[in-house]
Amino acid sequence: MTQHLKVDAPDHESRLDQMAQGVLGEPVSRSEGQHKITGGATYAADAGAEGMAYGVLVQASVSAGRVTEIGEVPGVLAVIHDPRMLRRAAQGMSTEGPDAGPQQVDFMGQSVALVVAESLEVAQAAAHALQVRYEARQVPVMPDAVDPEVPEDKQSATGDLDAAMRDAAFRVDQVWHTPSQAAAAMEPHAAVAQWAGDCVTIRAGLQMLGFCREQMADALGIDVGQVRLLAPYVGGGFGSKLGINAEAVAAAIASRQLGRPVKVVMSRPQVFDLAHRRSETTQRLRLACDSNGVLSGVGHEALVSNLPGSEFSEPVTQATPFTYDAANRQIVHKIARIHRSCAGSVRAPGEAVGVTVFECALDELAEAAGIDPVELRLRNIPEMEPGTGRPFSSHKLAEALREGAERFGWADRVAPRARLEGEWYIGMGVASAVRVNSLVESRARVTLTPQGRAIVETDMTDIGTGTYTILGQIAAETLGLDLAGVDVKLGDTDFPRASGSGGSFGAASSGTSVYLACAEIRDKIADMMGCAEAGLTLQDGTARCGNIVRRLDDIIRTPLVGDGHLEPGKTEDSVRQATWGSHWAEVAVNRWTGETRVRRMLGVFACGRVLNHKTARSQCLGGMTFGIGMALTEAMEHDPRDGHMVTRDLAEYHIPCHADVPHIEVHFLTERDAYVGPLQAKGLGELGICGAGAAVLNAIHNACGVRVRNLPATPDKIIAELEI
Amino acid sequence: MQISLDINGSLRDVYLDPRTTLLDALRSHLGLTGTKKGCDHGQCGACTVLLDGRRVNACLTLACMAQGAKVTTIEGLGSSDALSPLQAQFLNHDGFQCGFCTPGQICSATAMLEELAAGWPSHASTDLEGPFPLSHAEIAERMSGNLCRCAAYSNIVDAIQNAAKDGDAK
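In this section: the environment of Thr493(A). All names here are of chain A. Within the secondary structure, Thr 493 sits in the loop between β21 (486-489) and α12 (506-529). Taking the C-alpha atoms as reference points, Thr 493 and Cys 212, 281 residues apart in sequence, are found 9.7 Å from one another. What Thr 493 contacts, discounting residues up to four positions off in sequence, is Leu 209, Arg 213, Val 227, Arg 228, Leu 229 and Asp 459. Of the polar contacts made by the side chain of Thr 493, one reaches the backbone nitrogen of Leu 229; its length is 2.9 Å.

All names here are of chain B. With domains assigned, chain B is organised as domain 1 (2-77) and domain 2 (85-169). Relative placement of domain 1 and domain 2: their C-alpha centres are 22 Å apart. Approximately 1300 Å² of surface area, both sides summed, lies buried where domain 1 meets domain 2, with 61% of it carried by carbon and sulfur atoms. Three residues stand out in domain 1 for area buried against domain 2, namely Arg 55, Ile 74 and Leu 77, and they jointly supply 42% of the buried area on that side. Along the contact surface separating domain 1 from domain 2 lie one salt bridge. For Arg 55, the salt bridge identified is with Glu 115, shortest N-O distance 2.8 Å. The set of elements that each furnish at least two residues to the side of domain 1 that touches domain 2 consists of β3 (48-51), β4 (54-57) and α2 (74-77). Ranked by the residues each element gives to the side of domain 1 that touches domain 2, the list is headed by β3, at three residues.

Our next topic: the packing of aromatic side chains. All names here are of chain A. Going through the model one piece at a time under the given rule, you end up with 10 aromatic pairs over all chains. Their ring planes at 15° and their centres at 5.8 Å tell us that Tyr 324 and Phe 358 sit as a pair that is stacked. Within this pair, whereas Tyr 324 is found in the loop between α7 (320-323) and β16 (328-337), its partner Phe 358 is found in helix α8 (residues 351-369), the two being separated by 34 residues in sequence. Neither Tyr 324 nor Phe 358 differs from the other in exposure class; each is buried. Here the aromatic rings of Phe 392 and Trp 580 are separated by 6.0 Å at their centres, their planes lie at 75°, and the arrangement is edge-to-face. Residue Phe 392 is found in the loop between α9 (373-378) and α10 (397-408), and its partner Trp 580 is found in strand β26 (residues 578-590); the two are separated by 188 residues along the sequence.

Residues and elements named next belong to chain A. Across its 19 residues, α8 extends 25 Å between first and last C-alpha, which sits within 8% of the 27 Å expected from 1.5 Å per residue. For α8, the tally of buried residues reaches 17 of 19 residues, placing the bulk of the element in the interior. At the exit of α8 stands Gly 370, carrying a positive phi of roughly 70°.

In this complex, chain A contributes 57 residues to the contact, which on the side of chain B involves 54 residues. Its largest share of buried area at the contact with chain B, chain A owes to Ile37(A), Met186(A) and His658(A), together 21% of the area lost on that side. Linking chain A to chain B there are four salt bridges. Residue Lys36(B) pairs with Asp46(A) through a salt bridge whose shortest N-O separation is 2.5 Å. Summed over the shared surface of chain A and chain B, the number is 32 residue pairs in polar contact (both at pLDDT 80 or more).

Time to look at the domain arrangement of chain A. Many descriptions give the size of an interface as the accessible area lost when the pieces come together. All names here are of chain A. Along its sequence, chain A is organised into domain 1 (2-28 + 440-568), domain 2 (42-308 + 322-339) and domain 3 (348-438 + 574-721). Facing the 18 residues of domain 1 at the interface are 21 residues of domain 2. Overall, the association of domain 1 and domain 2 removes approximately 1400 Å² of surface from exposure, summing both partners, and the carbon and sulfur fraction of that is 51%. Looking at the side of domain 1 facing domain 2, the largest losses of area belong to Ile 463, Thr 493 and Arg 497, adding up to 40% of the total buried there. Across the contact surface, domain 1 and domain 2 share three salt bridges.

What counts and how
- Residues numbered from 1 in each chain as written.
- Chains lettered and ligands numbered in written order.
- Predicted model: local features only at pLDDT ≥ 70, side-chain atom pairs only at ≥ 80, totals over all residues.
- Heavy atoms only, no water.
- Helix = DSSP H or I, 4+ residues; strand = E, 2+ residues; numbered from the N terminus.
- Contact = heavy atoms within 4.5 Å.
- Polar contact = N/O pair within 3.5 Å; in protein donor to acceptor, adjacent residues only side chain to side chain.
- Domains from an automatic or database assignment.
- Buried area = accessible area lost by both parts, 1.4 Å probe.
- Salt bridge = Lys/Arg side-chain N within 4 Å of Asp/Glu carboxyl O.
- Phe/Tyr/Trp six-rings, centres within 6.5 Å; stacked < 30°, edge-to-face > 60°.
- Buried < 20%, exposed > 50% of the residue type's maximum accessible area, 1.4 Å probe, protein only.
- Expected span 1.5 Å × (residues − 1).

The following block contains the structure:
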């Protein structure tokens, strides 16, 4: 039997709050942490194998065209240029292999061949030496060099925005630019492939194993059952490992051809070229309000880019339709088809850049209207979803703003250039945080052994998200066990298929499947105890019904197995689901150099039930720090002549380092969202980035009076506008 | 070439391509995969190990250059049943998420605390003489060679401050 749930109705029962163990939500340390701090955690590239050969990818040196000749290079096992090799990574949740055939080149830096040798050193040298000839063709690489696509289903308008702008008491009409941005997970993409007969096992850094397995089978032209993927540890993803990429397919092809295990690890520059980038965006914001700061018009236009034929386009305006009220609205979405590297999902696709720019525009409107930015936001929070009239599953924005203002000391904020400490202008900024919420089908199996231990099995991944720990906490809470009495096994496609890690849906989706599996076991225990499940209390390895108390290891003779299966249902459409929060930043801007230092930051978030306050907080720290990078330092620069990525290593693409990040505070609002099922928990991995950069940029303006609309706000851009 | 390396207190003989970095020697030839390759360019710090107690990027060090030195990797700092104070505090304070940069962070912090104790100033120091406070600014400055995209920075500083206190208490 499988405990199946399709979330068609809200679950107000709060069953988990009636459990007795008291471990869920607690800030316990990561259960796999011991392995990570002692060097024992095995990431993809850590796998060894007898007879391993090493492959190095070779990249295209033209922007587009056709490979006409692959040279020879001595001392190697093979130079592979196979039509099944990928030209781009699979998009997240695709069920097919992505575009293949490396004889065609779509962008400079694309993978065109794999060199395999007995040692890494020989393979690297040979890959550098390999001569590849091309028939190149001229292609556009700049977003403004082409007439963009304007897909009909991505445009919308209500009312008359032009009239609203004309009649407004106050208005903003400005254009922002955000550059291409990289996920830049610390673990480079890596794969080790080994065949046994017609079946291949691939150990790789991947976020969503179920989808990746389908993509891999399709890419290799074999059945899904012939592919086993292993990813027990993933060194960060942030979207860049949602789907399969060139290294894993190439390793599988090479391993088959050579009859031995093959390891392919991307170099750091290859990761920048071959992992999906977040598209650069050009965003025009038009905001109109009356004399009280009540919005009458909202217009959000976005121009993004991607390769011809790629189905992904950065959903910049995703949260715009429902975050604030306004009678007159317009959404415009344009896609420039150009030959830069493939664009795809990077942490919070859409809101990461869309909410950030929107919240900067709102700050400008508040300034124009002479209304406090917090107050302006509070005056425009809708009761129901604008446009559709649907209720919100929950709407905690107002609470997050009020709570944050109090905690951050917002009342101490002064006018721009009014606070100078030494040579530093000090300022504060605020932004709302919002991210859409969803569930994805997920399965898990839980086994309760006669010894009273629980084993959780699912092909879910823990990419730093705390999944090992929270799934253990859910099982421990539901089955009344100490957390140490639960073994969580992840990252193996031999286990039941989970949602995978992505889109902030992993914890709620896989967590609910574990809860359902445990619920099935609870039913079985209740049967053994001769009572109804509702009257069963499980705690510290004992079962209690009324005045009957039995130890689990006394009553369980054979392993009890529960299978949980979650599917999203009608609550996906019956309500608007989102997570909410507020960002607060205090910055110092140097009056002579334009350098910005972030002095403190606060995030207040509501994400339904918090499953582990320690790991949840860390998720938010990570997102907020991405926001610091977006605001101040991160930019993938493309050569305007050939589109190639210029800033393709960690010395050129500046992710925040220790010294860039102050002590960050995170506060969670207490919330249970019934519309996402019995767990009542929503996603959190991305909320922290949505709007964080705007708080920093707005703080820069409050500090020194400069608005930077061409991100990131590097010193040169600030100093150019600074009044001495 | 045949070389001999003193790693975590034991002498290991290994035959290597002369181009082999200390990082690749550890990972591919000596089975010590705790040290991570994040960039292979000396930019991220994930490969930080100790060479005679000083922190170095193993990716920028040829294996043959490490002959005669004592190499300490994450595996040599502590084990699950005997964690170093830093390892224990990284766990307590959630000083990591994905864990990939963590061995480098811990090795780096281990040597960094020694540098502080030895009176080495940093860019964040207000004078050159010391002693230097274990402030957020000092630690963040001195740890900036170790990138963490999950951004556990705030927690890592907490972990280091508390580990230093643990060390003082002993």
